[in-house]
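# Reading the structure
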Amino acid sequence: MGETNTDLGSNFIYDIIDADIAAGFDRQIHTRFPPEPNGYLHIGSAKAIWISYSAAMKYNGVFNLRYDDTNPVREDDEYVKSIEDDLLWLGAVPNGGVYYGSDYFDQCYDFALQLIAEGKAYVCDLTPDEMREYRGTLTEPGKNSPWRERTVAENLDLFRRMKEGEFEDGARTVRAKIDMTSSNMNMRDPVIYRILHAWHHRQEDKWCIYPMYDFAHPIQDALEGITHSLCSIEFENHRPLYDWVVDNIGFEKKPHQYEFARLNITHTVMSKRYLRELVETGKVDGWDDPRMPTLSALRRRGYTPSSIIEFVKRAGVAKAYSIVDIRLLEYCIREELNAAAPRRMAVLDPIKVTITNYPEGKEETFPIANNPLEESAGTREVTFGRELYVEREDFAEVPPPKWQRLRPDGEVRLMGAYIVRCNEILRDENGNVVELLCTADLETRNNTPVDGRKVRGTIHWVSVAHAVEGKACLYDNLFTLENVNDLPEGENYLDYLNPASLAELPACKLEACMADAKPGERFQFVRMGYFCMDTKNAGTFNRIVQLKDSFKVK
RNA sequence: UGGCCUGUAGCCAAGCGGUAAGGCAACGGACUUUGACUCCGUCAUUGCGAUGGUUCGAAUCCAUCCAGGCCAACCA
């Protein structure tokens, strides 16, 4: 999955597979990623993808992409397209193929027929309310449906007529005949087929009955030859039903389900339902709004696939509920960009600097390394002149302890160019600093001072006459909730992750920016201490600058 | 208050009866023409949710308790 991710890491899924192999398991390892096409993939999806994909790769196995499209009213082709794009972007090539759960509807129907014929499933006429009543509660057993003992012939007839469209939505269901007294609610005669006259994005109007997830999923897995069906932990309670379906249909090669804890990240909303709500209510510009935790948004922000995979690997795979610090994600992109991304100098909040001993009209260029850590990145020529801008926060009139940057009567290195000394501060009528008058040590010219004195600080600068102006889009984190750290003791902030909280979603702010880029050159930059980085492959975490207005901001 | 799952540092996480890996974060310091990076150091001193027990020896086994997660859609 990308050259930087040949190391598949380790997790307990591998241990399970190792144990299977040690016990004589002789089938080729086969996994799958089964998203429902009802939204865009997000960084939590990346974890699920990585777990299944890496398990297949580690054992020279097979990895399928399968759209789990058994609920026609929620699914859409827009999502199908985006999912495949994002999956491929991550590098998780489905070497086993791309499938649709709905393509197995014929088999699902036949298997349901088979279960009915064997007396293992029946057509139930209970209304939803009645069914709820008969189901019992967490602490009380349910009771058998009055329709549970219908004859096989009658069940078969009814099911066929359900398929023919004879009945209204919800009028009847097909239920697996298991155990209404089970302590596992999923085993209390679960519905496996429902009537739903709806347009399916792929099957169109072919069907008016649809198999439920618990019935369709194990069938899909078995049919595709999946050996290890990996899913998140909320399906743990469904495993007995999964096995029931596999066993009672009588698949020879049985897939097995294993669960892992899903990914949570601090300050980040991962619920697809809420994400969709943000999109649909227009609180964000779309699924790829830079504030979203979707893969498409992260891509737009400049996160690389490998940095996301690295994050997922470092966060680990276990069954314990956890919330990973988003700073780990930021670390992963920082680590990668630091090694590879070309740099530019940039100034967001400019303060003018005039080099008083530098002749008016004169200009010269300095070669500056594009990436000091990577010689092959080469250099660029940056034009220097009498009038410059530097970052306002690189100057401190009253410097704090250990201050290394510009200060009154202090010296600082203009990166790649001269050492300058601040001699005078010019102010407006309100006393605000508007300009610094400096002198350059013209001997230094990108060298150390001839007298051997030490000048510690180094700051970015741009030439007033040559800097390229752009738009900066600044934002922090993904969804940041205000005062998250000030929540009452003992309260889980995830409780606050609801649409009401998200009303406070921070807006993207456009700010001016100047950089030593070429006119029209597109780049994002990341501030990491005091440097900037570029570009189409670069990413971000603390702040982003986009020189081109490549996305709209409300 | 039924069942299943989980509980190791601020955040993740390894550990699977032999004396607490690693990463992120944080904090010192060195280096530095990016206060970045890099480097060095500190960071669970009998402590692994708690309490008992078994054992020469327990984070690892047993019991009880506590805390958190999931489950009562004709969603996935």
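Residues numbered from 1 in each chain as written. Chains lettered and ligands numbered in written order. Predicted model: local features only at pLDDT ≥ 70, side-chain atom pairs only at ≥ 80, totals over all residues. Heavy atoms only, no water.

### A word on helix α8 (residues 239-249)
Along α8, the residues that are buried comprise L241, Y242, W244, V245, V246, N248 and I249. Its buried side turned inward, α8 meets α4 (105-117), β5 (173-176), α7 (213-224), β8 (228-232) and β9 (256-260). Remark: G250 follows α8 within two positions and exhibits a positive phi of approximately 90°. (Buried < 20%, exposed > 50% of the residue type's maximum accessible area, 1.4 Å probe, protein only. Helix = DSSP H or I, 4+ residues; strand = E, 2+ residues; numbered from the N terminus. Contact = heavy atoms within 4.5 Å.)

### Let's talk about the pairing of strand β16 (residues 411-414)
Burial of β16 is two-sided: the residues E411 and R413 facing one way and the residues V412 and L414 facing the other way are all buried. In this antiparallel pair of consecutive strands, β16 and strand β17 (residues 419-427), the connection spans four residues, and G416 shows a positive phi of 75°. As paired elements, β16 and strand β19 (residues 458-459) share two bridges and run parallel to each other. Along β19, the bridge assignment pairs L414 with I459. (Pairing = 2+ DSSP bridges.)

### Quick notes on the nonpolar core
Ranked by size, the top nonpolar core spans 47 residues in total, and within it F33, I43, I308 and F311 carry the most contacts. Elements with a contribution of two residues or more to this core: α1 (12-22), α2 (43-58), β2 (62-67), α3 (77-90), β9, α10 (295-301), α11 (305-315) and α12 (326-340). Element by element, the count of residues in this core is highest for α2, at nine residues. For I308, the contacting residues outside a window of four places in its chain are I43, A46, W89, L90, L295, L298 and Y303. Residues Y109, L113, V123 and A176 belong to the second largest nonpolar core, which totals 38 residues. (Core = buried A, V, L, I, M, F, W, Y, C linked by side-chain atoms within 4.5 Å.)

### Structural notes on helix α6 (residues 152-163)
For α6, built from twelve residues, the straight-helix expectation of 16 Å at 1.5 Å per residue is met to within 8% by its first-to-last C-alpha distance of 17 Å. Among all positions in α6, only N155, L156, L158, F159 and M162 are buried. Along the axis of α6, the buried residues cluster in a sector spanning 170°; they form a single face. For α6, the secondary structure elements touched by its buried residues are α4, β4 (121-124), β5, β6 (191-195) and β7 (209-211). Note on α6: the residue one or two positions beyond its end, G165, has a positive phi of about 85°. (Expected span 1.5 Å × (residues − 1). Arc of directions from axis to C-beta.)

### Focus on the side chain of S52
Mapped onto the secondary structure, S52 falls in helix α2. According to the relative accessible area criterion, S52 is buried, its value standing at 1%. From its side chain, S52 meets the backbone oxygen of R32 in a polar contact 3.3 Å long. When sequence neighbours within four positions are dropped, the list of residues in contact with S52 reads T31, R32, F63 and L230. (Polar contact = N/O pair within 3.5 Å; in protein donor to acceptor, adjacent residues only side chain to side chain.)

### Some points on the layout of surface pockets
Empty space within the largest pocket amounts to approximately 1100 Å³. Lining the largest pocket are 42 residues, and of these P34, E36, Y213, E234 and F235 lie nearest its centre. Of all elements in the fold, only β1 (30-33), α2, β6, α7, β8 and α9 (272-280) reach the threshold of two or more residues within the lining of the largest pocket. A total of five residues in the lining of the largest pocket trace back to one element, the largest contributor, which is α2. (1 Å grid on protein atoms, 1.4 Å probe; cavity = no way out; pocket = protein on both sides within 12 Å on 5 of 7 lines; lining within 4 Å. Points joined across faces, edges and corners; volume = space filled by probe spheres on them.)

### Describing the environment of Y418
Turning to its location among the elements, Y418 is positioned in the loop between β16 and β17. The sequence separation of Y418 and L65 amounts to 353 residues, and the corresponding C-alpha distance is 57 Å. Sequence-distant contacts of Y418, defined by excluding residues within four places in its chain, comprise Y358, E364, F366, F384, V412, R413, A440, D441, L442, T444 and R445. Polar side-chain contacts of Y418 include one of 2.3 Å to the side chain of E364.

### Some remarks on the pattern of salt bridges
Scanning the model with the defined rule gives 35 salt bridges in all. Across the pair D221 and R32 runs a salt bridge, and its minimum N-O distance is 3.8 Å. Here R32 lies in strand β1 and D221 lies in helix α7, a separation of 189 residues in the sequence. Judged by its relative accessible area of 0%, D221 falls in the buried class. Of the charged contacts in the structure, one is a salt bridge between R327 and D325, with a shortest N-O distance of 2.9 Å. Its relative accessible area of 56% is what places R327 among the exposed residues. Residues participating in the shared-partner salt-bridge network are E411, R421, D441, D451 and R453. (Salt bridge = Lys/Arg side-chain N within 4 Å of Asp/Glu carboxyl O.)

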